[in-house]
Amino acid sequence: MTTTATTTAQTPRTVIPAPQRSVRATAVDHDDHDDHVDRNDHVDRDGWSEWSELIAVVRESGHYPTTTEAEHVTRTVLTALGGQLTGEERVALARALPGKAAALIASQVPALRPRSAREFVDTIATRIEGATPATARWHAGSVLGALPPRIGDALTDRILTRLPPGYALLFGRAELAARTA
């Protein structure tokens, strides 16, 4: 019996650059060997690919060594945030985020009462193996700090007014204490 092998030549891929946006993201490092980001993400209305661009921004801001780690942290933080938001802010945030991120926000049952920023960070610490409160704060800041350029100042302000004090720093903003007379 004779066996015949057939080979096919790979077709070169044409890469069309995404439109420029205000937040700089580095290209996803495809040498990681653990890169699980979908290559078929489509580009949304703002020029961000649905998921991989968000992960690239988080990876850069958090200095994560791999795309997989940045993706895990992003999923964990957005899932925790989804349980903290209700009403119009939750819907508006889901609309402003890439599809996979929106699904993480929308899939969570809102808590009966929002957790304090410290409780939020502690929740993240319990969901990421080996995380301490300090590293969990870093993770939260890496993900939440990537959101304001994407979702805009007005929505960020609305979200922060719905959350207990302490979240502004996680979103990369100063939090000013109200003066009492």
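Higher on the page you've got the structure.
Residues numbered from 1 in each chain as written. Predicted model: local features only at pLDDT ≥ 70, side-chain atom pairs only at ≥ 80, totals over all residues. Heavy atoms only, no water.

**Things to note about the overall build of the protein**
Within the protein, the secondary structure is distributed over nine helices and zero strands. Secondary structure elements of the protein occur, N-terminal to C-terminal, as α-α-α-α-α-α-α-α-α. For the protein, buried positions account for 43% of its 181 residues. Residue pairs at least 24 apart in sequence account for 66% of intrachain contacts in the protein once pairs closer than 6 positions are excluded. (Helix = DSSP H or I, 4+ residues; strand = E, 2+ residues; numbered from the N terminus. Buried < 20%, exposed > 50% of the residue type's maximum accessible area, 1.4 Å probe, protein only. Contact = heavy atoms within 4.5 Å.)

**Structural notes on the nonpolar core**
Ranked by size, the top nonpolar core spans 41 residues in total, and within it Leu 81, Phe 120 and Leu 147 carry the most contacts. At the level of elements, helix H1 (52–62), helix H2 (67–82), helix H3 (87–96), helix H4 (99–106), helix H5 (117–127), helix H6 (133–144), helix H8 (153–162) and helix H9 (167–170) are the ones that each hand at least two residues to this core. By residue number, the principal contributor to this core is H2, which donates six residues. In contact with Leu 81, other than residues within four places in its own chain, are Leu 93, Ile 105, Phe 120, Leu 144, Leu 147, Leu 163 and Phe 171. (Core = buried A, V, L, I, M, F, W, Y, C linked by side-chain atoms within 4.5 Å.)

**Re the packing of H1 against H6**
Two numbers describe how H1 lies on H6: the axes approach to 8 Å, and their chain directions differ by 135°. Judged by the angle between their axes, H1 and H6 are oblique. Where H1 crosses over H6, the handedness of that crossing is right-handed. Residue-level inspection shows Val 58, Ser 61 and Gly 62 of H1 in contact with H6, the latter providing Trp 138, Ser 142 and Val 143. For the contact of H1 with H6, the residue count by class is three nonpolar, three polar and no charged. (Axes fitted to C-alpha atoms, helices over the stretch in contact; angles between N-to-C directions. Parallel < 35°, antiparallel > 145°, perpendicular 65-115°, else oblique. Left-handed = near helix turned anticlockwise from the far one by under 90°. Nonpolar A, V, L, I, M, F, W, Y, C, P; charged D, E, K, R; others polar.)

**Concerning unusual backbone geometry**
One non-glycine residue, His 63, lies in the positive phi region at around 55°. Mapped onto the secondary structure, His 63 falls in the loop between H1 and H2. Overall, the relative accessible area of 64% leaves His 63 in the exposed class.

**Structural notes on the pattern of salt bridges**
Taken as a whole and judged by the stated rule, the model has six salt bridges. Here Glu 89 ties to Arg 158 by a salt bridge, and the two come within 3.5 Å at their closest N and O atoms. Of this pair, Glu 89 sits in helix H3 while Arg 158 sits in helix H8, placing them 69 residues apart in sequence. For Arg 158, a relative accessible area of 36% puts it in the partly exposed group. (Salt bridge = Lys/Arg side-chain N within 4 Å of Asp/Glu carboxyl O.)

**Observations regarding H4**
Given 3.6 residues to a turn, an α-helix orients residues that are three or four positions apart in the same direction. Buried within H4 we find Ala 101, Ala 102, Leu 104 and Ile 105. In an axial view of H4, the angular spread of the buried residues amounts to 155°, which keeps them on one side of the axis. Packing partners of the buried residues in H4 comprise H1, H2 and H3. (Arc of directions from axis to C-beta.)

**Notes on the packing of aromatic side chains**
Counted by the stated rule, this structure contains one aromatic pair. Here the aromatic rings of Phe 120 and Tyr 167 are separated by 5.3 Å at their centres, their planes lie at 55°, and the arrangement is tilted. With Phe 120 in helix H5 and Tyr 167 in helix H9, this pair connects stretches of sequence that are 47 residues apart. Each member of the pair, Phe 120 as well as Tyr 167, carries the same accessibility label: buried. (Phe/Tyr/Trp six-rings, centres within 6.5 Å; stacked < 30°, edge-to-face > 60°.)

**Things to note about H1**
Among the eleven residues of H1, eight are classified as buried, and the element is accordingly described as predominantly covered. Regarding H1, the residues found buried are Ser 52, Leu 54, Ile 55, Ala 56, Val 57, Val 58, Arg 59 and Gly 62. The inward-facing, buried residues of H1 abut H2, H4 and H6. Downstream of H1 by a residue or two, His 63 has a phi angle that is positive, lying close to 55°.

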